[in-house]
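Structural overview
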Amino acid sequence: MENLWLAALAAPDRERLEPHLEERAFRQGQTLYEAGEAVEAVWFPLNGVVSLMTLLADDRMVETAVIGREGLVGVTCGPLNARASSRAIAQIDGSAACCPADVFSAALAESDQMRDALSRFTESLLAQVQQNAACNAQHRLDERLARWLLTVHDRADGDRFALTQADIAGMLGVRRATVSEVGSELEGKGLIRRGRGWVQVLDRPALERASCGCYAMVRSVMKDLGVPRPNGRH
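Residues numbered from 1 in each chain as written. Predicted model: local features only at pLDDT ≥ 70, side-chain atom pairs only at ≥ 80, totals over all residues. Heavy atoms only, no water.

1. Re the overall build of the protein
Each helix and strand counted, the protein has nine helices and eight strands in total. Whereas a compact globule of 234 residues would reach a radius of gyration of roughly 17 Å, the protein reaches 17 Å, a difference of no more than 12%. Principal-axis analysis of the C-alpha atoms gives the protein an extent of 55 × 40 × 30 Å. Taking all 234 residues of the protein together, 48% fall into the buried category. Here the contacts in the protein between residues at least 6 apart in sequence split such that 72% fall between residues at least 24 apart. Here the protein contributes 27 positively and 31 negatively charged side chains, and the mean placements of these two sets differ by 6 Å. (Helix = DSSP H or I, 4+ residues; strand = E, 2+ residues; numbered from the N terminus. Rg over C-alpha atoms; globule rule 2.2 N^0.38 Å. Buried < 20%, exposed > 50% of the residue type's maximum accessible area, 1.4 Å probe, protein only. Contact = heavy atoms within 4.5 Å. Lys, Arg positive; Asp, Glu negative; His and termini not counted. Charge placed at Lys NZ, Arg CZ, Asp CG, Glu CD.)

Here you go:
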């Protein structure tokens, strides 16, 4: 596996970063950054899924964006803002090529093309954050769950991935019992299968039809901006 954002860079830009990259594994539930924490490294996922979480005053949190091997984690609050604006949590086990933040900052300063690539990715990420906020406020939970599963499926290595009802409830900001009920509806329609600690997508086209329009809108923005599609899924 390779990070698609890095792979799309011109050779001179990749050469600026490659000597400084160090591969690190991450496990489900691991915090890569805490909100307000100094950003010391940029993570380029090679596989796995990372969720960006917005923290609320009552200690709850809601997922606002998902990042896989199409992008990078650590510059989501502006190019090398000194501190993270949200919590970054590993959603599915994986690994990333990590680059010291100061090295990445210096490379950006030397390359117009790299700055353009970063701008396109951060613009697509902002579109995802905004669309998710509207989706969480306006759409039915079954539509939101279908949209979220598609987003994770795009970035997972296969049709089956490790997720519990508690994981999904935390990402969507709802009760676990509610997720169980709505998940049963999707399972009853043959769209997904669930087991203890895992979910499998059985019928992706039907799951797309069950989703709200937010999923397709975000994918359209990514396409327009030239952001690589994770895992090449349509």
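Picking up where we left off.
2. Some details on the packing of aromatic side chains
Aromatic ring pairs are defined here through the distance separating the ring centres and the angle between the ring planes. Across all of its chains, the model carries four aromatic pairs by this definition. When the ring of Trp5 is compared with that of Phe104, the centres are 6.1 Å apart and the planes differ by 55 degrees; the resulting orientation is tilted. Here Phe104 lies in helix 3 (residues 101-110) and Trp5 lies in helix 1 (residues 4-7), a separation of 99 residues in the sequence. Accessibility classification places Trp5 together with Phe104 in one group, the buried group. The aromatic ring of Trp43 is capped on one face by Arg24, whose charged end is 5.4 Å from the ring centroid. Positioned above the aromatic ring of Trp198 is the side chain of Arg160, whose terminal nitrogen or guanidinium carbon lies 3.8 Å from the ring centre. (Phe/Tyr/Trp six-rings, centres within 6.5 Å; stacked < 30°, edge-to-face > 60°. Lys NZ or Arg CZ within 6 Å of the ring centre and 35° of its normal.)

3. A look at the pairing of strand 3 (residues 41-55)
Burial of strand 3 is extensive: 13 of the 15 residues sit out of reach of the surface. In the sheet, strand 3 pairs with strand 5 (residues 87-100) via eleven bridges, with the strands oriented antiparallel. Bridge pairing links Val42 to Cys99 in strand 5. Bridge count for strand 3 against strand 4 (residues 61-67) is six bridges, and the pairing is antiparallel. Opposite Leu52, over in strand 4, you have Ala65 as the bridge partner. (Pairing = 2+ DSSP bridges.)

4. Quick notes on the pattern of salt bridges
Pairing of side chains with opposite charge becomes possible as their charged atoms draw close. Under the defined criterion, the tally for this structure stands at 15 salt bridges. Salt-bridge contacts for Glu110 lead to Arg16; the nearest nitrogen and oxygen are separated by 2.9 Å. Of the two residues, Glu110 is situated in helix 3 and Arg16 in helix 2 (residues 11-17); the sequence distance between them amounts to 94 residues. According to the relative accessible area criterion, Glu110 is exposed, its value standing at 54%. With its nearest N and O atoms 2.0 Å apart, the salt bridge here joins Arg115 to Asp112. Of the two residues, Arg115 and Asp112 are both situated in helix 4 (residues 112-138); the distance of three residues between them amounts to about one turn of the helix. Looking at Arg115, the relative accessible area reads 33%, which means it is partly exposed. (Salt bridge = Lys/Arg side-chain N within 4 Å of Asp/Glu carboxyl O.)

5. Points about the nonpolar core
Trp5, Leu17, Trp43, Phe44, Leu72 and Phe104 are the most contacted members of the largest nonpolar core, which has 40 residues in total. With seven residues, the single largest contributor to this core is strand 3. For Phe44, the contacting residues outside a window of four places in its chain are Asn3, Trp5, Leu6, Leu17, Leu21, Gly71, Leu72, Ala96, Ala97, Cys99 and Phe104. If you look at the next biggest cluster of nonpolar residues, it comprises 29 residues, including Leu145, Ala169, Met171 and Ala206. (Core = buried A, V, L, I, M, F, W, Y, C linked by side-chain atoms within 4.5 Å.)

6. Describing the packing of helix 5 (residues 141-155) against helix 6 (residues 165-172)
Helix 6 packs onto helix 5 with a crossing angle of 105 degrees between their chain directions and a minimal axis gap of 11 Å. With respect to each other, helix 5 and helix 6 are oriented roughly perpendicular. In this structure, helix 5 contributes Leu141, Arg144, Leu145 and Trp148 to the contact, and helix 6 contributes Ile168, Met171 and Leu172. Looking at the contact of helix 5 with helix 6 residue by residue, the class counts come to six nonpolar, no polar and one charged. (Axes fitted to C-alpha atoms, helices over the stretch in contact; angles between N-to-C directions. Parallel < 35°, antiparallel > 145°, perpendicular 65-115°, else oblique. Nonpolar A, V, L, I, M, F, W, Y, C, P; charged D, E, K, R; others polar.)

7. Focus: the sheet that holds strand 8 (residues 198-201)
Read across the sheet, three strands follow the order 6-8-7 without closing on themselves; strand pairing throughout is antiparallel. Each edge of the open sheet is held by one strand with a lone partner, namely strand 6 (160-162) and strand 7 (192-195). The sheet shows a mean angle of 20 degrees between the axes of neighbouring strands, direction not considered. As paired strands, strand 7 and strand 8 are joined by four bridges and run antiparallel to one another. Within strand 8, the position partnered with Arg193 by the bridge is Gln200.

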